[in-house]
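Structure assessment
Here are the chains, one letter per residue:
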Amino acid sequence: MILNNYLVGSPVMSGRDGVRARVRRGFILGIIITALFLPLSLSPFGEAFALEFRAYGYVIYKSGEVIHVGYLPLYLYMWRVSSLLFLAWIITYIAYIIKPSIVLDSSGIVYGTFYVVTHYVYLFTIGAPVIIYPLTYELITVGKPLLYLDWGQVIALVTIWRFYVIRRLMRG
């Protein structure tokens, strides 16, 4: 029953055409919500995802020196966008676990793909050297290097897996 609802869901749309319509609907939903996150990250709502309160401008590290600027640096903007996309991805798959839906699954693919892109733009524009390892990355900062779980790789693996599952369902 659950698999039938996942694949078809409605007696009006059945078969391969119904699956394709739901996948298309999920991709469109994911792209629209992702496009809304881009300006939302510049709003006061995006400030909730800031690393620290920005009363006196932003800090950029350049050649070991601290530079204060009044504009939002690219790496902080990408941090905000990727944080919103990460939340959308998590919420989508929590909802998917509660009630499987191919629309949720395909929109999760969009969130995952854009999260991976914004995550790596953030990492490589932060100004500190980054070394990528399997499922982790190392950020070379003042003091000893910091090792982090690389959510970009984790989400990329899940996104690729879900993409192939949907592709297999669409082929029949």
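Here the residue numbering is sequential within each chain, running from 1 through the sequence in written order. Reporting of local features is limited, given that this is a predicted model, to residues whose pLDDT is at least 70; pairs of side-chain atoms are given and counted only at 80 or more, and all residues count toward the totals for whole chains, interfaces and linings. Heavy atoms from the whole structure form the basis of all side-chain values; hydrogens and water molecules are not counted.

Section: the nonpolar core
Within this scheme, the nonpolar core is defined by two criteria: the residues are buried Ala, Val, Leu, Ile, Met, Phe, Trp, Tyr or Cys, and they are joined through side-chain atoms within 4.5 Å. Relative accessible area decides the class of each residue, using a 1.4 Å probe on protein chains only: under 20% of the type maximum gives buried, over 50% gives exposed, and in between gives partly exposed. Counting residues in hydrophobic clusters, the biggest one holds 28 residues, and the most contacted among them are Leu85, Tyr122 and Leu123. Elements represented by at least two residues in this core include exactly helix H2 (15-40), helix H4 (74-98), helix H5 (102-125), strand E4 (136-139) and helix H6 (151-171). Among the elements that take part in this core, H4 stands out by supplying 11 residues, more than any other. If we skip the residues at most four places from it in the chain, leucine 85 touches Thr34, Phe37, Tyr111, Phe114, Tyr115 and Thr118. Numbering goes from the N terminus for both helices and strands, where a helix is a DSSP run of H or I of at least four residues and a strand is a run of E of at least two. Working rule for contacts: check all heavy atoms of both residues, and any pair within 4.5 Å makes them a contact.

Brief notes about the environment of isoleucine 28
Position of isoleucine 28 among the secondary structure elements: in helix H2. Note on isoleucine 28: relative accessible area 46%, which makes it partly exposed. For the pair isoleucine 28 and serine 106, spaced 78 residues apart in the sequence, the C-alpha separation amounts to 9.1 Å.

Quick look at the pairing of strand E5 (residues 146-149)
The pairing criterion is simple: DSSP has to find at least two bridges between the two strands. The pairing of E4 with E5 spans 4 bridges and is classified as antiparallel. From the neighbouring strand, tyrosine 137 faces E5, where its bridge partner is tyrosine 148. In textbook terms, the turn of a hairpin is the stretch between consecutive antiparallel strands, and for E4 and E5 this stretch comprises 6 residues, one of which, glycine 143, has a positive phi near 95°.

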